[in-house]
Amino acid sequence: MSYYDIDAILTDNQKVPCTFNLTLPHLGYLDSAPGRPLPSGTKVDLPLWLAERLAVSQLTPQTSLITLDLPPSLSPRVMNALKADPKSVDLRSLAANFYGLAERILDLFEEEEVCDVLLESWRVRASEGVEFLRGLSEEERVLFRSAHDSSKAMRVWMGEMKKR
């Protein structure tokens, strides 16, 4: 990940569900209650960059400030749909940088089944040839453009070779 990579910045700003493990004074505005404490057990969507830092920081050896939950885009319902037919799922509507978000989340969670489903869906979606870009995640769009550009460059090169 590059500091100036716009896809990484957009991925870091994706909201992910979190549960606060402690009551925190003066943070009620995160739950639409300004001026009040944020009670323990409150579920809030936070940007990934913040949620990741809060989840790995520990107040005591047994307690972290928040518990990070899987985002809806990686829910069992979505995983089942990807298992059934990866091409029928509109990944862009789930998360613009779907695979980037999944990669960052899977760095924090040990979800082997989710990882296997995502790898297989990537293979199926990439190998079938995409007829149009609607519904593709940013990573798939980059892959499609790269394949298209390299194919175009190969045709140009072959044309030049025939002229010699």
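Residues numbered from 1 in each chain as written. Predicted model: local features only at pLDDT ≥ 70, side-chain atom pairs only at ≥ 80, totals over all residues. Heavy atoms only, no water.

Participant: Would you mind showing me how to read the environment of Ser57 here?
Facilitator: Looking at where Ser57 falls in the secondary structure, it is placed in the loop between α2 (48-56) and β3 (58-60). Once residues lying within four places of it in the same chain are set aside, the contact partners of Ser57 are Ser64 and Leu65. At a separation of 3.0 Å, a polar atom in the side chain of Ser57 contacts the main-chain carbonyl oxygen of Leu54. (Helix = DSSP H or I, 4+ residues; strand = E, 2+ residues; numbered from the N terminus. Contact = heavy atoms within 4.5 Å. Polar contact = N/O pair within 3.5 Å; in protein donor to acceptor, adjacent residues only side chain to side chain.)

Participant: Could you clarify how one ought to interpret the UniProt feature "domain: DNA replication complex GINS protein PSF3 N-terminal" (unreviewed entry) in the protein chain in this entry?
Facilitator: The UniProt entry lists residues 4-56 under the feature "domain: DNA replication complex GINS protein PSF3 N-terminal" (unreviewed entry), expressed in the numbering used here. Helix makes up 30% of residues 4-56 and strand 21%. Its end C-alpha atoms lie 24 Å apart. (UniProt positions renumbered as here; feature names shortened; annotations may be inferred.)

Participant: Help me understand the pairing of strand β1 (residues 15-20), please; the structure alone is not making it clear to me.
Facilitator: Look at any regular strand and the pattern is simple: side chains alternate between the two faces of the sheet. In terms of burial, β1 is largely enclosed, as five of its six residues are buried. Strand direction decides the pairing type here: β1 and strand β2 (residues 43-47), joined by five bridges, are antiparallel. Residue Cys18 lies in a different strand from β2, and its bridge partner there is Val44. Examined bridge by bridge, β1 and strand β5 (residues 66-68) share three bridges and lie antiparallel to one another. (Buried < 20%, exposed > 50% of the residue type's maximum accessible area, 1.4 Å probe, protein only. Pairing = 2+ DSSP bridges.)

Participant: When you look at helix α3 (residues 76-84) in this model, what are you seeing that I'm missing?
Facilitator: Three or four residues apart is the spacing at which side chains of an α-helix point the same way, because the helix has 3.6 residues per turn. What α3 keeps buried is the set Val78, Met79 and Leu82. Buried residues in α3, looked at end-on, bunch into an arc of 100 degrees, giving them a common side. The exposed residues of α3 that point more than 90 degrees off its buried face are Pro76, Arg77 and Ala84. (Arc of directions from axis to C-beta.)

Participant: Can you help me understand the sheet that holds β5 in this one?
Facilitator: Sheets are built from strands that pair by backbone hydrogen bonding, the pairs being arranged parallel or antiparallel. The strand order β2-β1-β5 describes an open sheet built from three strands, whose pairing is antiparallel. Strands with a single pairing partner mark the edges of an open sheet, and in this sheet they are β2 and β5. Averaged over all adjacent pairs, the angle separating strand axes in this sheet is 40 degrees, with direction ignored. Sitting on the sheet, α2 is in contact with β1, β2 and β5, with an inclination near 115 degrees to β2. (Axes fitted to C-alpha atoms, helices over the stretch in contact; angles between N-to-C directions.)

Participant: Looking at this structure, I do not really get the pattern of salt bridges. What am I missing?
Facilitator: Between side chains of opposite charge, a pair can form when the charged atoms approach closely. Overall, the coordinates contain six salt bridges when judged by the stated rule. Note that Asp12 and Arg104 form a salt bridge whose closest N and O atoms lie 2.1 Å from each other. In this pair, Asp12 is assigned in helix α1 (residues 6-12) and Arg104 in helix α5 (residues 98-108), connecting sequence segments 92 residues apart. The exposure class assigned to Asp12 is buried, which follows from its relative accessible area of 16%. The residue Arg104 makes a salt bridge to Glu52 at a minimum N-O spacing of 2.4 Å. Of this pair, Arg104 sits in helix α5 while Glu52 sits in helix α2, and the two are 52 residues apart along the sequence. Across the pair, Glu52 and Arg104 agree in class, each one buried. Among the charged side chains, a salt-bridge network with shared partners connects Asp12, Glu52, Arg53 and Arg104. (Salt bridge = Lys/Arg side-chain N within 4 Å of Asp/Glu carboxyl O.)

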